[in-house]
Amino acid sequence: MINYTEKIPNNVDLGRDRVLQRALPDGWAQFDYIKMPEYRWGIFLQPRDEKRQVNFGIHKGQPAWQDVPGEYRSILRRIIVTQGDTEPASVEQQKMLGLSCPSLYDLRNIFQVNVEEGRHLWAMVYLLHRYFGRDGREEAESLLARRSGDTDNPRILGAFNEPTPDWLAFYMFTFFTDRDGKFQLCALAESGFDPLARTCRFMLTEEAHHMFVGESGVSRIIQRTCEVMKENKVDAPSDVRALGVIDLQTIQRYLNFHYSVTLDLYGSDVSSNAANYYTSGLKGRFRETKLEDDHILRDAMYPVSEVVGDKIKTKQVPALTALNERLRDDYIEEIQAGVDRWQRVIDEAGIPFRLTLPHKGFHREIGNFAGHFISTTGEILTEEQWRSHEFEWLPSPKDYSYVQSLMSGRVAELGKFANWIAPPVKGVNGKPLDFQYVRFN
Ligand SMILES: [Fe+2]
Ligand SMILES: [Fe+2]
């Protein structure tokens, strides 16, 4: 008989929970060399605060729920399943990238991102098994059955069915889409359902590393491109490509793609579901307890955009219904700051190129902009006009094949980096850049 208390690191008293012991196979988290099949996942929740309350909505001021409130059972399960579904999806999207890693340092980082996403799935599965009985177990099984990009049984959300075919896409994904994860987790970390709040708080500590991998990865690609442009005094994309690095125009197109598909993840601008989640105390706003208002939003209003004729107009709607849009706006603010940091790398190299976020309505499939053809600068176009510019704004099949041509094999010699990316400023955990970050046995 396996002693599960030792096999699955946890702080949720797993050792005493017989039903869970049967349902969850063994696990262990380790930060050293370990053979992949022997890797074990843990279940971690932020320690419980006995005095914690529901901090918003109609139950504001009641003690936080330690069990699922019967009336909210199905929406709470849906929220957890939707979050859980994204976690393995990103691993499925990224699973081939080890074959084309630019260095052992980067290979080590993608492994860490992937195992932590696996653990995040595990964290959501724990909640489903522990708090939702049989239908929770069935939902957990379905999480394993869906596959990113599968035509019959895809992942729930669009961005998690897009391929991540190369390392530029991977870094963009971890910068843009893992940050959506951060904002969703922040909203769920405010939940009145305490076990969900506590598990999301813990997951956020891991999410920060994923976003670091993305931001620094793109930054290193930009840096390398700028170095090569300066050394060789070239700026035309074809000349830049001839030197084996990724032109800034292609980086901008990847940025446009990942930003726009990630904006869709926040859902409709005006949403009665979002209002319900909030009013019920299940999903809060970004930094809910730090905000100074009534935390009920009975009379508050919030601006949302909509397309009227050939113009984009802003109108005020009840803030309760605009919570998706508000979370999206909070996200955009943070994204803009990251793009500004990338811009500084270009500016410091003295290259006159500006990286910009496209208009919020560009290339959207969900919400008020869906069905419209909007340029990166926010003009409403006809479909025909839009299509004639499509590959100025979004990566073309040729862009993807060029980027992939740079990444045809893995770079696995100690301390070596692929030509298209600069080394990082420092290694992991105080180790040098030529450290053996991954062993092949
Ligand atoms: Fe995650
Ligand atoms: Fe993540």
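Residues numbered from 1 in each chain as written. Chains lettered and ligands numbered in written order. Predicted model: local features only at pLDDT ≥ 70, side-chain atom pairs only at ≥ 80, totals over all residues. Heavy atoms only, no water.

Time to look at the overall build of the chain. Tallying secondary structure elements over the chain gives 13 helices and four strands in all. Taking 2.2 N^0.38 as the reference for a compact globule, 441 residues should give roughly 22 Å; the C-alpha atoms of the chain span a radius of gyration of 23 Å, in line with that estimate. With the C-alpha coordinates aligned to their principal axes, the bounding extent of the chain is approximately 65 × 60 × 40 Å. Considering the chain as a whole, with its 441 residues, one finds that 54% of them fall into the buried category. Counting only contacts in the chain whose residues sit at least 6 apart along the sequence, the fraction spanning at least 24 positions is 70%. (Helix = DSSP H or I, 4+ residues; strand = E, 2+ residues; numbered from the N terminus. Rg over C-alpha atoms; globule rule 2.2 N^0.38 Å. Buried < 20%, exposed > 50% of the residue type's maximum accessible area, 1.4 Å probe, protein only. Contact = heavy atoms within 4.5 Å.)

With that settled, consider the nonpolar core. Core analysis: the largest hydrophobic core is formed by 95 residues, its most contacted members being Phe176, Ile222 and Trp342. Within the residue set of this core, elements represented by two or more residues are helix H3 (73–94), helix H4 (104–131), helix H5 (133–145), helix H6 (167–188), helix H7 (194–232), helix H9 (248–263), helix H11 (323–348) and helix H13 (397–406). Per element, the largest residue contribution to this core is 14 residues, and it comes from H4. Setting aside its immediate chain neighbours within four residues, Trp342 contacts Met172, Phe175, Phe176, Gly214, Glu215, Val218, Ser219, Ile222, Leu255 and Leu355. Core analysis: the next-biggest nonpolar cluster, separate from the first, contains eleven residues, Ala159, Phe257, Leu265 and Trp386 among them. (Core = buried A, V, L, I, M, F, W, Y, C linked by side-chain atoms within 4.5 Å.)

Take the confidence of the model for the chain next. On average, residues of the chain score 93 in pLDDT, and 94% of them reach the 70 mark or higher. Scored below 50 in pLDDT, residues 25–29 shows 23 contacts in the model against residues more than four places distant or in partner chains. (pLDDT = per-residue confidence, 0-100.)

This paragraph deals with the pattern of salt bridges. For the structure shown, the criterion picks out 31 salt bridges. A salt bridge links Arg179 to Glu334; its shortest N-O distance comes to 2.7 Å. With Arg179 in helix H6 and Glu334 in helix H11, this pair connects stretches of sequence that are 155 residues apart. Among the residues examined, Arg179 registers a relative accessible area of 6% and is labelled buried. Notably, a salt bridge pairs Asp293 with Arg285, separated by 2.8 Å at the nearest N-O pair. Assessed through its relative accessible area of 2%, Arg285 is described here as buried. (Salt bridge = Lys/Arg side-chain N within 4 Å of Asp/Glu carboxyl O.)

Quick look at the packing of aromatic side chains now. For the coordinates displayed, the defined rule picks out 22 aromatic pairs. If you follow Arg179 out to its NZ or CZ, it ends over the ring of Phe175, 4.6 Å from the centre. Sitting over the face of the ring of Phe435, Lys431 holds its NZ or CZ atom 5.4 Å from the ring centroid. (Phe/Tyr/Trp six-rings, centres within 6.5 Å; stacked < 30°, edge-to-face > 60°. Lys NZ or Arg CZ within 6 Å of the ring centre and 35° of its normal.)

Before going further, it helps to spend a moment on the packing of H4 against H7. The description of two helices packed together rests on the angle between their axes and the distance between the axes. It is at 10 Å that the axes of H4 and H7 come closest, and there the two elements cross at 160°. Accordingly, the angle class assigned to the pair H4 and H7 is roughly antiparallel. Considering the relative orientation of H4 and H7, their crossing is left-handed. (Axes fitted to C-alpha atoms, helices over the stretch in contact; angles between N-to-C directions. Parallel < 35°, antiparallel > 145°, perpendicular 65-115°, else oblique. Left-handed = near helix turned anticlockwise from the far one by under 90°.)

So, on to H9. Taking 1.5 Å as the rise per residue, H9 with 16 residues should run 22 Å; its terminal C-alpha atoms sit 22 Å apart, in good agreement. Counting buried residues in H9 gives 15 out of 16 residues, a clear majority hidden from the surface. (Expected span 1.5 Å × (residues − 1).)

So, on to H4. For H4, built from 28 residues, the straight-helix expectation of 40 Å at 1.5 Å per residue is met to within 8% by its first-to-last C-alpha distance of 41 Å. For H4, the buried fraction is high: 25 of the 28 residues fall into the buried class. For H4, the capping residue at the N-terminal end is Ser103, with a side-chain oxygen 3.3 Å from the backbone nitrogen of Tyr105. (Polar contact = N/O pair within 3.5 Å; in protein donor to acceptor, adjacent residues only side chain to side chain.)

Our next topic: the environment of Phe391. The topology assignment puts Phe391 in helix H12 (residues 383–393). A relative accessible area of 43% places Phe391 in the partly exposed class. Along the backbone, Phe391 and Arg253 are 138 residues apart, and their C-alpha atoms lie at a distance of 8.1 Å. Once residues lying within four places of it in the same chain are set aside, the contact partners of Phe391 are Arg253, Ser396 and Pro397.

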